[in-house]
Amino acid sequence: MNRFGLIAVCAIVAGCATSKETFTSDGSKGHSINCSGTVLNWGMCYEKAGEICGARGYEVIAGGSDQGVIVSGTQYGLFGGSVMNRSMLIKCKS
């Protein structure tokens, strides 16, 4: 795969919030939602929560963000940038 193909794949993958079914501290079913990256935002996390729970609505159990730095190197030099990590844990209302 050439460099442009790899960039296109990364852009497609990075364009959506992801979710994973999990359990909350009280044992009920919850969803861990991740909307990290420079092209994503908190709105995309909330949109994903709405898709998961629908008209029932949801409760945000926990959420947070932090900013980090990523550096990688190749034979052509070092490349760096910042990355924003965002995640939330939700529980659908009954």
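Residues numbered from 1 in each chain as written. Predicted model: local features only at pLDDT ≥ 70, side-chain atom pairs only at ≥ 80, totals over all residues. Heavy atoms only, no water.

Novice: Lay out the state of the cysteines in plain terms, naming residues and giving numbers.
Specialist: Within the structure shown, the criterion is met by two disulfides. Here C35 connects covalently by a disulfide to C45, the sulfurs 1.9 Å from one another. Here C35 and C45 share a disulfide; its torsion about the S-S bond, -100 degrees, makes the bridge left-handed. With C35 in the loop between strand 2 (29-34) and helix 2 (42-53) and C45 in helix 2, this residue pair connects regions lying 10 residues apart in the sequence. Accessibility classification places C35 together with C45 in one group, the buried group. The disulfide partner of C53 is C92, and the gap between their sulfur atoms is 1.9 Å. (Disulfide = S-S within 2.5 Å. Helix = DSSP H or I, 4+ residues; strand = E, 2+ residues; numbered from the N terminus. Buried < 20%, exposed > 50% of the residue type's maximum accessible area, 1.4 Å probe, protein only.)

Novice: Could you give an account of the nonpolar core, naming the residues involved and the relevant values?
Specialist: With 10 residues, the main nonpolar core is built from A17, I33, C35, L40, C45, A49, C53, M88, I90 and C92. Contacts of I90, omitting those with residues within four sequence positions, involve G30, H31, I33, A49, C53, Y58, E59, V60 and I61. (Core = buried A, V, L, I, M, F, W, Y, C linked by side-chain atoms within 4.5 Å. Contact = heavy atoms within 4.5 Å.)

Novice: Which residues make up the confidence of the model for the protein chain, and what values do they have?
Specialist: Here the protein chain shows a mean pLDDT of 84. Residues at 70 or above account for 84%. Taken element by element, the predicted model of the protein chain shows its lowest mean pLDDT in helix 1 (residues 3-13) (49) and its highest in strand 2 (97). Contacts from residues 4-12, a stretch scored under 50 in pLDDT, to residues over four places away or in other chains number two contacts. (pLDDT = per-residue confidence, 0-100.)

Novice: Residues and numbers for the pattern of salt bridges, please.
Specialist: Overall, the coordinates contain three salt bridges when judged by the stated rule. Two residues, K29 and E21, come together in a salt bridge whose shortest N-O distance is 3.8 Å. Look at K29 and you get partly exposed, because its relative accessible area is 47%. With a relative accessible area of 49%, E21 lands in the partly exposed category. Salt-bridge contacts for D26 lead to K91; the nearest nitrogen and oxygen are separated by 3.4 Å. Of this pair, D26 sits in the loop between strand 1 (18-23) and strand 2 while K91 is found in strand 4 (residues 77-92), placing the two residues 65 residues apart along the sequence. Accessibility expressed as a relative area gives 54% for D26, which makes it exposed. (Salt bridge = Lys/Arg side-chain N within 4 Å of Asp/Glu carboxyl O.)

Novice: Can you break down the sheet that holds strand 1 residue by residue, with the values?
Specialist: The strands making up a sheet associate through backbone hydrogen bonding, with each pair oriented either parallel or antiparallel. On the basis of which strands lie adjacent, the open sheet formed by four strands has the order 1-2-4-3 and antiparallel pairing. One side of each edge strand has no neighbouring strand; the edge strands of this open sheet are strand 1 and strand 3 (58-74). Taken pair by pair, the neighbouring strands of this sheet meet at an average axis angle of 20 degrees, ignoring direction. Pairing of strand 1 with strand 2 involves six bridges; the strand directions are antiparallel. Bridge assignment links S19 to a residue of strand 2, and that residue is I33. Each of strand 1, strand 2, strand 3 and strand 4 is contacted by helix 2, which is oriented at about 35 degrees to strand 4, the strand it contacts most. (Pairing = 2+ DSSP bridges. Axes fitted to C-alpha atoms, helices over the stretch in contact; angles between N-to-C directions.)

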